[in-house]
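Residue-level listing of the chains:
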Amino acid sequence: MKNKWLPMTKIQLMGLFGINKAKNSADPAIKRKTAGGLAALAIVGAVMIFYIVLIAVSFCKQGIGQHLPALTIALTSLITLLFSLLYGCSSLFAMKDYDLVMSMPVTKRDILISRLLCSYIANLAFALGVTLPCLVVLFAMDGFSAAVLAVTLVGAVFAPLVPMAIATLISALLTALTAGFKYKNLLQSLLGIIVFAGAMVASFSISFSANAEQQIDMNAMFRLLVMNIYPPALLIEMTLDGAIWAIFVFIGASALIAALFILILSLGYRKIHDALTAKSAGSKYNAEKIRASSAFAALVRREFKRLFTCSAYLLNSLSGTLLLLVAGIALLFVDVPSALAQMQLLTDQTARLVYAGFGILIFCAGMSCPSASALSLEGSSRGQLFVLPLSARKILAAKAMPGFLINTAAGWFTSVIFAVKIGAGPLGWITLLVSVPLFCAFSALFGSFLNVKFPKYDWTNEIQAVKQSIPVMIAVFGSMVLGFAVILLGLFLGFWIVLAADILCIVCSAAFWLHFKRVKLFV
Amino acid sequence: MNKTVLRIEHLTKTYAKTKRAVDDLSLDVCAGDIYGFIGQNGAGKTTTLRAVTGILPFDSGRIEIDGISVQDDPVACKSMIAYIPDNPDLYDYLTGIQYLNYIGDIFGVEKEIRRERIEKYAEMFRIKGDLGSLIGAYSHGMKQKLAIISALLHAPKLMILDEPFVGLDPEAAFKIKQVFREMCENGSAIFFSTHVLDVAEKLCNKIAIIKNGKLIACGDIESVRGNESLEDVFMEVLESHEK
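Residues numbered from 1 in each chain as written. Chains lettered and ligands numbered in written order. Predicted model: local features only at pLDDT ≥ 70, side-chain atom pairs only at ≥ 80, totals over all residues. Heavy atoms only, no water.

Moving on: the overall build of chain B. From N to C terminus, chain B includes nine helices and ten strands. At 18 Å, chain B has a C-alpha radius of gyration in line with the 18 Å of a compact globule built from 243 residues. Over its C-alpha atoms, taken along the principal directions, chain B stretches across nearly 55 × 40 × 35 Å. A burial count over chain B gives 59% of its 243 residues as buried. In chain B, of all internal contacts separated by at least 6 residues, the share reaching a separation of at least 24 is 68%. Summed over all atoms, the accessible surface of chain B reaches about 9900 Å², with 47% contributed by carbon and sulfur. Mean positive and mean negative side-chain charge positions of chain B (29 and 36 charges, respectively) differ by 3 Å. (Helix = DSSP H or I, 4+ residues; strand = E, 2+ residues; numbered from the N terminus. Rg over C-alpha atoms; globule rule 2.2 N^0.38 Å. Buried < 20%, exposed > 50% of the residue type's maximum accessible area, 1.4 Å probe, protein only. Contact = heavy atoms within 4.5 Å. Areas by Shrake-Rupley, 256 points an atom, 1.4 Å probe, with all protein chains shown as cover. Lys, Arg positive; Asp, Glu negative; His and termini not counted. Charge placed at Lys NZ, Arg CZ, Asp CG, Glu CD.)

Put into structure tokens, the structure is as follows:
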């Protein structure tokens, strides 16, 4: 077969969501679990599409629906860039099946293409999931246009290539630079965090600087917005304005950059892999290194160690926490009273902002759920854990601890800044400070619960467990949906929505805790 | 007769409701026994061992460790055993000493006892100098040695091992046999699977032969073997059960 990347890609895709396993298993429990996980994902996806449709309808009602195609492509490209930075290049290097794959008669280019295609397909699915509902709304309200359909679809298909190439190249460079260091995992994690945070701050500051341009007309303002979010998406806007050549430039540039990226990376592929898999000699053993602690403390320590020695796990599991911290730090430099005055909010609306702010915390902290993949990460060594004389509840609680502690600390940090900046009253302060640990506990225990229900032990690279598994997707997208709902409802219902959320968190956390007592962990 | 440490009664385990991996298997392992469990590939050895450790659920039957049911109180049972799988997939991101400390904490081994045992066994297996290195840098044999040291750390009543001699150098294999004998003299029991009939013959006082999930011979090695070599008996027993 000429295109050897094709069967390699197929094999990787077959591992996604456990569909192939369920298809070929005679065990009905496996089929039920997979179907349940996919159904939960479908529900979350449906709610997200509902939100997208609401936004698209409001655009069309304001007469600016024609900007939707370019805007959605710009936004999905930006999100692809940020997610690809999180994803890093761990799917390319140091995979468990490296020896097997490299021993086969395939080129490094084939390997790279097959690995990148999986990420591309995931990004494309996301881009189409956002773009298609917008197009349906646009055509329903403003009339059908074959040209708009064709240009938007072509744009969506090619849009993920450049952000993926840029992000993966940055990650590969960081990996190559740090591969020779003794504490390379920690170094990669730190540099990854810096690059991710930098990209977020830059994209926020550039995107929203367009708000200052209030005197120019709507069309020019949207062009500027698209330009600021993701410049190549302007070519889509230009094509829709009549410049047909622009779409060909978009396609050509995307394909060329992707091809160049694969070519460059294939040159250093083996070198980077070898450097990554080489282990340092470590320090000399001495008797002082023997110390004792409780079983639970030992478990929690190991969870932290796992989190901080795998950059893909750290970045993917704590992206929302980073977002929260960046938001908190950014708030320090924002003149909130002036911004509120500009928005012409009424006094009681300003007071309700504190409760809507809790929705942002849910949005961010809920996305950071290491416990949703902590059990899956035990992988083929899970027997080593399950054979220990520990109750399942203790194991799952230990797995929930890192997420709970880190998110609570970050949540309090941002909440305090937020409360000070908007001048929250005593009830607002109490609400934020109490609600943060309650939600973080719920989120961490929910992650453990999901991971017990839908474990993914058969991964060949950590990224398959920390990003592409059913529990992680439910936790990430579920928290986005929930957070968005609390933001909206918080503006109308104020304190009551947070109180309801708190009660729900307490009840659900207690239910998970009781449920964990009945859980049995088997290989 | 010595006290029964492990009792398996009518154990049956089926995979995917069709393949019967273990079929009505019963056996007793007593304190002081070195019990070899032999059979062909896919005979059901690993399934039995995993069920005994409590990490694999089974369809019917009963497993007791020192009189406690694995199903009723798995945590109590697990605190009395140590299990070393055929390919110990230890945590690559920990150093050897971090892993031993972790296991020591889980089993509540006191600091001084821990220190003493780590020193003793790490020196015995010649990996003391490597305990500060990441497990990811260890060879298969070193990982095996580390797994054995971690298993010995809490002085288990029952040690369960799946192919323990694979990947070990001759010196380490010799020493582990010595450790087994020492443990059994102190009242513990060893239950291990192996393909190496020579090892089973020289080391074990009892053996069990399993085929297609069924126990086809078990008991004292002398009574099973008679005047023949274990290899001859093994082949004969397998052939007679094929007819």
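Residue and element names in this part refer to chain A. Look at helix α3 (residues 28–61) against helix α6 (residues 108–142): their axes get within 9 Å of each other, and the N-to-C directions meet at 40°. Here α6 runs oblique to α3, going by the angle between their axes. Relative to α6, α3 is oriented so that their crossing is right-handed. Where α3 approaches α6, its residues Ile 49, Ile 52, Val 53, Ala 56, Val 57, Cys 60 and Lys 61 are matched on the opposing element by Gly 129, Val 130, Pro 133, Cys 134, Val 137, Leu 138, Met 141 and Asp 142. Considered class by class, the residues forming the contact of α3 with α6 number twelve nonpolar, one polar and two charged. (Axes fitted to C-alpha atoms, helices over the stretch in contact; angles between N-to-C directions. Parallel < 35°, antiparallel > 145°, perpendicular 65-115°, else oblique. Left-handed = near helix turned anticlockwise from the far one by under 90°. Nonpolar A, V, L, I, M, F, W, Y, C, P; charged D, E, K, R; others polar.)

Residues and elements named next belong to chain A. With respect to the helices and strands, the residue Asn 451 is situated in helix α21 (residues 426–453). Among the residues examined, Asn 451 registers a relative accessible area of 0% and is labelled buried. From its side chain, Asn 451 meets the backbone oxygen of Ala 372 in a polar contact 3.4 Å long. Discounting residues that sit within four places of it in the chain, Asn 451 has contacts with Ser 371, Ala 372, Ser 373, Ala 374, Leu 375, Ser 376 and Pro 471. (Polar contact = N/O pair within 3.5 Å; in protein donor to acceptor, adjacent residues only side chain to side chain.)

Here the focus is the side chain of Asp 110 of chain A. Residue and element names in this part refer to chain A. Within the secondary structure layout, Asp 110 lies in helix α6. As a buried residue without a salt bridge, Asp 110 has its nearest oppositely charged side chain in Arg 109, at a separation of 5.2 Å. Discounting residues that sit within four places of it in the chain, Asp 110 has contacts with Lys 4, Trp 5 and Met 8. (Salt bridge = Lys/Arg side-chain N within 4 Å of Asp/Glu carboxyl O.)

Contacts between the two partners involve 40 residues from chain A, matched on the other side by 40 residues from chain B. When chain A packs against chain B, the two sides together hide about 3600 Å² of surface, and 62% of this comes from carbon and sulfur. Applying the counting rule to chain A against chain B returns one salt bridge. Residue Asp 105 of chain B is joined to Arg 301 of chain A by a salt bridge in which the shortest nitrogen-to-oxygen separation is 3.0 Å. For the pair chain A and chain B, the interface holds seven residue pairs in polar contact (both at pLDDT 80 or more). Those elements giving two or more residues to the side of chain A that touches chain B turn out to be α13 (295–308) and α19 (382–386) of chain A. Take the side of chain A that touches chain B: its biggest share by element is seven residues, from α13 of chain A. Of the residues contributing to the side of chain A that touches chain B, the split by class is 18 nonpolar, eleven polar and eleven charged. (Buried area = accessible area lost by both parts, 1.4 Å probe.)

Residue and element names in this part refer to chain B. The complete set of buried residues in helix α9 (residues 230–240) reads Leu 230, Val 233, Phe 234, Val 237 and Leu 238. Down the axis of α9, the buried set is contained in an arc of 130°. They therefore lie on one face. Buried positions along α9 lie against β3 (34–39), α7 (197–203), β9 (206–211), β10 (214–220) and α8 (221–225). (Arc of directions from axis to C-beta.)

With that settled, the discussion passes to the sheet that holds strand β5 (residues 68–69) of chain B. Residues and elements named next belong to chain B. If you trace the four strands from one edge of the open sheet to the other, you get β2-β1-β4-β5, paired in antiparallel fashion. The sheet is open, and its two borders are formed by β2 (19–30) and β5, each paired with just one other strand. In this sheet, β5 lies alongside strand β4 (residues 60–65) in antiparallel orientation, the contact comprising two bridges. Counterpart to Ile 65 in the pairing with β5 is Ile 68. Contacting β1 (4–15), β2 and β4, helix α1 (residues 45–53) runs over the sheet at an angle of about 120° to β1. (Pairing = 2+ DSSP bridges.)

This paragraph deals with the domain arrangement of chain A. All names here are of chain A. One can read the domain layout of chain A as domain 1 (27–279) and domain 2 (296–523). Domain 1 and domain 2 are separated by 24 Å when their C-alpha centres are compared. Facing 32 residues of domain 1, the contacting portion of domain 2 comprises 33 residues. Looking at the side of domain 1 facing domain 2, the largest losses of area belong to Tyr 51, Leu 86 and Lys 96, adding up to 20% of the total buried there. Seen at the junction of domain 1 and domain 2, the total is zero salt bridges. Here the residues of the side of domain 1 that touches domain 2 sort into 20 nonpolar, nine polar and three charged. (Domains from an automatic or database assignment.)

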